[in-house]
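What follows is each chain in one-letter form.
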Amino acid sequence: MSEFRQFVADRVGQFVDPNTGMDLDASKAVQAVAVSGSQCALELKVNYPAKRYAEELARAVREHLLADTRITAATVSVSWKVLSHKVQQQLTPLPGVKNIIAVASGKGGVGKSTTAVNVALALVAEGARVGILDADIYGPSQPMMLGVTGPLTQVGDKIEPKRNFGLQIMSIGFAIGEDTPVVWRGPMVTQALTQMLNETAWDDLDYLVIDLPPGTGDIQLTLCQRVPVSGALVVTTPQDIALIDAKKALKMFEKVAVPVLGLVENMSVFCCPNCGHVTPIFGTGGGAIMALEYGVPLLGQLPLDMRIRELSDQGRPPVAADPDSAVTTLYREIARKLAARLALQARNKQIGFPSIVIQST
Ligand SMILES: Nc1ncnc2c1ncn2[C@@H]1O[C@H](COP(=O)(O)OP(=O)(O)O)[C@@H](O)[C@H]1O
Ligand SMILES: [Mg+2]
């Protein structure tokens, strides 16, 4: 290899991808390096959806290369491909679904469903094929948030998922109505959910996002044992009481050997719609401290923003309805990091990525 080519290869390899938190060498993203005189052309490949983002990454890598004056011109192309990732031992992956991501929270009302749907939509915007399964039997909210209603129809011996905003959607709410109180016991809930999961005609999904029921009881535990989950996202609010519950969720995933891909702190700060003043009404830093303590990355912090609530209630989640807004940018970042962390999980051991250490409290 020529000296200059080696120099370019080394330099590009040092670029840290903000989504994986790792350099391009470590994440094996560099596919080809070609040089001519003091010019170079590079091909990169990432394992998270990046239809929109590819250009931004290419630009950043190019700037990184050109920051060294020995390189006078650089062309960078970025391609992406979503791989299937490991599921818990003894479970078989679901046909037609490459990866299942479980979204959990220790308790209700922290914005789990809102986060799940917007992250799912952000993955769609990056070119991925995505489904969402609303597993919150006691309070299904995806039909309302996505503006879709039942009844369900059949295709062959399977149930056809509903579709909106490019998402494939299944919710217990389509079958029982959102207003019908559910008085099922644990085993029935688990059965209904595994049935929805297995009997939906999911059409070639890169990601199936599961909006889990809130809490960390038997239902959640059984579900996580039965469902071939590749990774989990835990949503919390910054106040102590919610964090205690979120810790239980982390422990639950550890018990069932599902890697926690990250934490999202929702309702981090309140932005006053009138004066723009920012107030941390639920306290500050809780998510960050917890992330450090547990060795789980904090993938993002979302403000308490009235638009999120308004659009969600109208069945138009911000990522779909308001693509240029600041919160959409935040959801996109979270989605990219989530997908990138998932892609890295498979190689954790080899590359010494910090594993999750759950301490007892
Ligand atoms: N970041 C946010 N800013 C403003 N409202 C939010 C935010 N996240 C969620 N909400 C609202 O809070 C309520 C509860 O959110 P939801 O996602 O249903 O919580 P969970 O699924 O955890 O019970 C909903 O009305 C939702 O629109
Ligand atoms: Mg919910």
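This one's a predicted model, so the numbers in the text were calculated from it and none came from an experiment. (Residues numbered from 1 in each chain as written. Chains lettered and ligands numbered in written order. Predicted model: local features only at pLDDT ≥ 70, side-chain atom pairs only at ≥ 80, totals over all residues. Heavy atoms only, no water.)

Engineer: So what exactly am I meant to see when it comes to the overall build of the protein here?
Structural biologist: A tally of regular secondary structure across the protein gives 13 helices and 17 strands. Since a compact globule built from 361 residues should have a radius of gyration of about 21 Å, the 21 Å found for the protein is in line with a globular shape. For the protein, the spread of C-alpha atoms along the principal axes amounts to about 70 × 55 × 40 Å. Every one of the 361 residues in the protein was classed for burial, and the buried ones make up 52%. Restricting the contact set of the protein to residue pairs at least 6 apart, pairs at least 24 apart contribute 76%. The distance from the centre of the 33 positive side-chain charges to the centre of the 34 negative ones in the protein is 3 Å. (Helix = DSSP H or I, 4+ residues; strand = E, 2+ residues; numbered from the N terminus. Rg over C-alpha atoms; globule rule 2.2 N^0.38 Å. Buried < 20%, exposed > 50% of the residue type's maximum accessible area, 1.4 Å probe, protein only. Contact = heavy atoms within 4.5 Å. Lys, Arg positive; Asp, Glu negative; His and termini not counted. Charge placed at Lys NZ, Arg CZ, Asp CG, Glu CD.)

Engineer: Teacher, can you tell me more about the sheet that holds strand S3 (residues 30-36) here?
Structural biologist: Strands belonging to one sheet form pairs held by backbone hydrogen bonds; the direction of such a pair is parallel or antiparallel. In spatial order, the strands read S3-S4-S5; together these three strands make up an open sheet with mixed pairing. The open sheet has two edge strands, S3 and strand S5 (73-80), and neither has a second partner. For this sheet the average axis-to-axis angle between neighbouring strands, irrespective of direction, equals 10°. Pairing geometry for strand S4 (residues 39-46) and S5, over eight bridges, is parallel. Considered in S5, the bridge of Glu43 is made with Ser77. Set on the sheet, helix H2 (residues 53-66) makes contact with S4 and S5; between it and S5 the angle comes to about 150°. (Pairing = 2+ DSSP bridges. Axes fitted to C-alpha atoms, helices over the stretch in contact; angles between N-to-C directions.)

Engineer: Explain the site of ligand 1 here, please?
Structural biologist: Taken together, 16 residues are adjacent to ligand 1, and Gly109, Lys112, Ser113, Thr114 and Pro303 come closest. Here Val110 contributes a backbone N or O atom positioned 3.1 Å from an oxygen atom of ligand 1. Within the backbone of Lys112, one N or O atom sits 2.8 Å away from an oxygen atom of ligand 1. Relative to its free-state accessible area of 560 Å², ligand 1 is covered by the protein chains to the extent of 83%. With respect to the detected pockets, ligand 1 is housed in the second largest pocket. Going through the elements one at a time, helix H3 (112-125) and helix H10 (306-313) are the ones with two or more residues in the shell around ligand 1. Of the residues belonging to the shell around ligand 1, the class tally is six nonpolar, seven polar and three charged. (Near = heavy atom within 4 Å. Polar contact = N/O pair within 3.5 Å; in protein donor to acceptor, adjacent residues only side chain to side chain. Areas by Shrake-Rupley, 256 points an atom, 1.4 Å probe, with all protein chains shown as cover. 1 Å grid on protein atoms, 1.4 Å probe; cavity = no way out; pocket = protein on both sides within 12 Å on 5 of 7 lines; lining within 4 Å. Sits in = over half its atoms within 2 Å of the grid points. Nonpolar A, V, L, I, M, F, W, Y, C, P; charged D, E, K, R; others polar.)

Engineer: Would you take a moment to explain the pattern of salt bridges for this structure?
Structural biologist: Evaluation of the coordinates by the stated rule reveals 12 salt bridges. In this structure, Glu160 engages Arg163 in a salt bridge whose closest nitrogen and oxygen atoms are separated by 3.2 Å. Exposure remark for Glu160: the relative accessible area of 24% places this residue in the partly exposed category. Since its relative accessible area comes to 42%, Arg163 is described here as partly exposed. The network of salt bridges with common partners includes Arg129, Glu160, Arg163, Asp203 and Asp204. (Salt bridge = Lys/Arg side-chain N within 4 Å of Asp/Glu carboxyl O.)

Engineer: Can you help me understand the confidence of the model for the protein in this one?
Structural biologist: Atomic detail in the predicted coordinates should be set aside for any region of low pLDDT. For the protein, per-residue confidence averages 88 on the pLDDT scale, and residues scoring 70 or more make up 93% of the total. Note that pLDDT drops below 50 for residues 349-361; the model gives that stretch 25 contacts with residues more than four away or on any other chain. (pLDDT = per-residue confidence, 0-100.)

Engineer: I'm lost on the environment of Gly131 in this one. Help?
Structural biologist: Following the sequence through the fold, Gly131 ends up in strand S7 (residues 130-134). The buried category is assigned to Gly131, whose relative accessible area is 0%. Taking the C-alpha atoms as reference, Gly131 lies 7.9 Å from Met170; in sequence the two are 39 residues apart. With sequence-adjacent residues up to four places away left out, Gly131 is seen in contact with Leu167, Gln168, Trp202, Leu205, Tyr207, Leu208 and Val209.

Engineer: What is the right way to look at helix H9 (residues 286-294) in this model?
Structural biologist: A turn of α-helix holds 3.6 residues, and therefore any two residues three or four places apart point the same way. Of all the positions in H9, only Gly286, Gly287, Met290, Ala291 and Tyr294 are classed as buried. All buried residues of H9 lie within an arc of 130° about the axis, which places them on one face of the element. For H9, the exposed residues set more than 90 degrees away from the buried face come down to Ile289 and Leu292. Looking at the residues trailing H9, positive phi occurs at Gly295, about 65°. (Arc of directions from axis to C-beta.)

Engineer: Is there a simple way to explain the sheet that holds strand S17 (residues 298-301) in this structure?
Structural biologist: Within the open sheet, the eight strands sit side by side as S10-S11-S7-S12-S6-S13-S14-S17. Their pairing is mixed. This sheet does not close on itself; its edge strands, each paired only once, are strand S10 (162-164) and S17. Across this sheet, the average inter-strand angle for adjacent strands is 25°, counted without regard to direction. As judged from the four bridges shared by strand S6 (residues 97-104) and strand S13 (residues 231-236), these two strands associate in the parallel manner. Paired with Val103 across the two strands is Leu233, which belongs to S13. Against the sheet, H9 engages strand S14 (260-265) and S17, with an angle of about 160° to S14. Contacting S6, strand S12 (205-211), S13, S14 and S17, helix H12 (residues 326-345) crosses the sheet at an angle of about 175° to S17.

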